[in-house]
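One-letter residues, chain by chain:
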Amino acid sequence: MLITMPSQRKLFTIILVICAFSVVLLTAHSLATLDSLPVPHVLKPSHGDEAPDREPKKPKPKYKSPPEYTPPPIKDNFPLLSSEGKNTPPPIPSWNVPAKDLYTQYNLPTPPPLLIGFTRSWPMLQQTVVSYLTAGWPASQIYVVENTGTQQANARGQLSLQNPFYLNHTVLKDILGVNIIQTPTLLSFAQLQNFYLAQSYERQWPYYFWSHMDVLAFSFEDGNEKAKAKYNEEGYSSLYTMALKTLKDARENDPRWGIRFFAYDHLALVNPEAYEDVGGWDTLIPYYVTDCDMHSRLTMRNWSMKDAKAGAIFDISVALDDLSVLYRVDGVKPSFTDPNPPPPEKGGMFRWKRYAEEEEMKRIQKREEIVAGWLEGRSTTGMAVKEALVNKREEEKKSEEQKNEEHETDGLDKWRALQKIADDMYHYKHGGKRGRNTWQLGQRGGQGEPFYYNAEGLAKGIELITETGKEVYRNKWGHRDCDLITKAGLSFDDQWMVEKDWGRF
């Protein structure tokens, strides 16, 4: 039998079929092997029918350590009003009560408003308002500008005393009789100044006064080179009266009057036309050095800025314990409390002192200095030192008695006591190593209340945008300090047009 071999074409086809069959077998085997292997966790689906063996760990934030010290709760510093059933303040000292429509006697077309901006610290704001009232400023002409960003929360009474933004509308409007204007949101200092300007348009104010909320204001009740007459003498002028005189003089004798400063801008009188002429406050420089920018531009445009005297105005950071002393209520002695005292030292004692304690420390120090000087020139024994101290005490006592006798005859003993405490409050703020604005952190409550904002967070946020504003100022003028005209030779049109003038060499 003859056996024939397949042709080459048939042989190639057979080989091709065998190879294809082998590939199919190998693929099937590989898939079966893969199915039997464990699937790595990273390849497993995050969502679907097959859940992971263990839940992924949730990220945990790293919280800051709690503060080692929190200031004690503040107290309302007008206990007479906060007592149950009391809704009338004591009478304003009669010599400071303004005559009705007194402004008309100075040829002024409208009563001059006094704007006091408020963001934090009710005791400080209430103190400032009461000091202006008792110095003779009419309540109807005082406008507290609530700049808290809490919308209607204060008007509805929804915030507590320990909330930094707390403001008592009832006390201000219904009891003290002043006005309240609310900003639509929390404004920076520069924005608030432009808000005042906007109010002058809306309410047709051709001028206005504004004041910081951390001041104490008094009339010159003892008379001085400006007032000339004492409170009980013919021709006496209260703080309000002297402010009217300054306004009248500016309007009649200075066609380019811009600002009148009373203790710099702790109290200031503003001509809205001047602000408008220079474009208002630069809101990109929100806090510190924004006054350098604004006042320089006013000077560049030939608007005058002059100092004036209306009363004794103190820049302070602490609150009187009882505001009744400003009304000269009998039996109330002036004292003050720091709303944000320093942390206690070891042993639990506070570094801050009340007024009486501070005075006692000063007296002790004074005696020690006297004795040291006495010892320096004499050989002495312990008995001689004691004798020197006794003699000095007697001299101080006689001197004090003599002063009291003199003061009893002029009725100014309470006013002088207020001047003394105000001076102590001023030096407490400016004489220590702590910051000037520590009072702004005296309230740490309000958690859970409408529009709550962490007090320390607010302070830090303002600090950060303040530094940014300073950098804006430096870039705007090419100069770092306030002396834009005298040291940098800049003019109004040089804004954002010059290179920086430091670091050239």
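Preceding this section is the structure that the text describes.
All of the points below concern the structure found in this document. Quantities reported herein were computed from a predicted structural model and do not represent experimental measurements.

The rules behind these values
Residues numbered from 1 in each chain as written. Predicted model: local features only at pLDDT ≥ 70, side-chain atom pairs only at ≥ 80, totals over all residues. Heavy atoms only, no water. Buried < 20%, exposed > 50% of the residue type's maximum accessible area, 1.4 Å probe, protein only. Helix = DSSP H or I, 4+ residues; strand = E, 2+ residues; numbered from the N terminus. Pairing = 2+ DSSP bridges. Lys, Arg positive; Asp, Glu negative; His and termini not counted. Salt bridge = Lys/Arg side-chain N within 4 Å of Asp/Glu carboxyl O. Polar contact = N/O pair within 3.5 Å; in protein donor to acceptor, adjacent residues only side chain to side chain. Contact = heavy atoms within 4.5 Å. Disulfide = S-S within 2.5 Å. Axes fitted to C-alpha atoms, helices over the stretch in contact; angles between N-to-C directions. Phe/Tyr/Trp six-rings, centres within 6.5 Å; stacked < 30°, edge-to-face > 60°. Lys NZ or Arg CZ within 6 Å of the ring centre and 35° of its normal. Expected span 1.5 Å × (residues − 1). Parallel < 35°, antiparallel > 145°, perpendicular 65-115°, else oblique. Nonpolar A, V, L, I, M, F, W, Y, C, P; charged D, E, K, R; others polar.

1. Side note on the pairing of strand β5 (residues 215-218)
Consecutive residues of a regular strand have side chains that alternate between opposite faces of the sheet.
Argument step 1. Residues of β5 alternate between two faces, with V215 and A217 on one and L216 and F218 on the opposite face, all of them buried.
Argument step 2. Pairing of β5 with strand β9 (residues 312-315) involves four bridges; the strand directions are antiparallel. Across the sheet, the residue bridging to V215 is D315, located in β9.

2. Structural notes on the side chain of E449
Argument step 1. Here E449 is to be found in the loop between α11 (413-430) and α12 (455-477).
Argument step 2. This buried residue, E449, is left without a salt bridge; R156 holds the nearest opposite charge, at 13 Å.
Argument step 3. A polar side-chain atom of E449 sits 2.9 Å from a polar atom in the side chain of N163.
Argument step 4. When sequence neighbours within four positions are dropped, the list of residues in contact with E449 reads Q158, L159, S160 and N163.

3. Observations regarding the state of the cysteines
Argument step 1. Following the criterion strictly, the structure yields one disulfide and no others.
Argument step 2. Residue C292 pairs covalently with C482 via a disulfide, S to S 1.6 Å. Here the residue C292 occupies a position in helix α8 (residues 290-300), and C482 occupies one in the segment after α12, the gap between them amounting to 190 residues.
Argument step 3. By relative accessible area, which is 11% here, C292 ends up buried.

4. Re the sheet that holds strand β8 (residues 304-307)
Argument step 1. Taken in spatial order, the seven strands of this open sheet run β3-β2-β1-β4-β7-β6-β8, and their pairing is mixed. Edge strands, defined here as strands with exactly one partner in the open sheet, are β3 (179-182) and β8. Going across the sheet, the axis of each strand differs from the next one's by a mean of 25°, ignoring polarity.
Argument step 2. Bridging between strand β6 (residues 257-262) and strand β7 (residues 267-270) involves four bridges; their strand directions are antiparallel.

5. Quick look at the pattern of salt bridges
Once their charged atoms are close, side chains differing in charge can pair, the charge on each being opposite to the other.
Argument step 1. In the structure shown here, the tally under the stated rule is 15 salt bridges.
Argument step 2. Here E221 ties to R328 by a salt bridge, and the two come within 2.8 Å at their closest N and O atoms. Separated by 107 residues along the polypeptide, E221 in the loop between β5 and α6 (239-253) and R328 in the loop between β10 (319-320) and β11 (336-337) bring together distant segments of the chain.
Argument step 3. A salt bridge links D254 to R260; its shortest N-O distance comes to 2.8 Å.
Argument step 4. For D254, a relative accessible area of 11% gives the class buried.
Argument step 5. With a relative accessible area of 4%, R260 lands in the buried category.

6. Structural notes on α8
Argument step 1. Counting buried residues in α8 gives 10 out of 11 residues, a clear majority hidden from the surface.
Argument step 2. The complete set of buried residues in α8 reads T290, D291, C292, D293, M294, H295, S296, R297, L298 and M300.
Argument step 3. The positive-phi residue at the C-terminal boundary of α8 is N302, with phi of around 65°.

7. Comments concerning the packing of aromatic side chains
Argument step 1. Within this structure, the stated rule accounts for 16 aromatic pairs.
Argument step 2. Measuring from ring centre to ring centre gives 6.1 Å for F209 and F262, while their planes differ by 40°; the resulting arrangement is tilted. In this pair, F209 is assigned in strand β4 (residues 208-211) and F262 in strand β6, connecting sequence segments 53 residues apart. Each member of the pair, F209 together with F262, is buried.
Argument step 3. Ring pairing ties together the aromatic residues F189, Y196, Y208, W210, Y275 and W281, which thus form one cluster.
Argument step 4. Here the guanidinium or amino end of R256 rests over the ring plane of W303, the centre of that ring lying 3.7 Å away.
Argument step 5. Of note, R301 hangs over the ring of F492, and the distance from its end group to the ring centre comes to 5.4 Å.

8. Overview of the environment of R251
Argument step 1. Among the secondary structure elements, R251 is positioned in helix α6.
Argument step 2. Classification of R251 as partly exposed rests on a relative accessible area of 36%.
Argument step 3. Sequence separation between R251 and N107 is 144 residues, and the spatial gap between their C-alpha atoms is 9.6 Å.
Argument step 4. Residues within four places of R251 in sequence aside, it is in contact with N107, L108, P109, P206, Y207 and W257.

9. Points about helix α3 (residues 122-134)
Argument step 1. In a regular helix each residue adds 1.5 Å, so 13 residues correspond to 18 Å; α3 covers 18 Å between its end C-alpha atoms and thus fits that length.
Argument step 2. The buried count for α3 comes to 13 of 13 residues, which makes it a mostly enclosed element.

10. Digging into the packing of α8 against α12
Argument step 1. One can describe the packing of α8 onto α12 by two numbers: an axis separation of 11 Å at closest approach and a directional angle of 30°. Classified by the angle their axes make, α8 and α12 are roughly parallel. Between α8 and α12, the contacting residues are C292, D293, R297 and M300 on the first element and Y473, K476 and W477 on the second.
Argument step 2. When its residues are assigned to classes, the contact of α8 with α12 shows four nonpolar, no polar and three charged.

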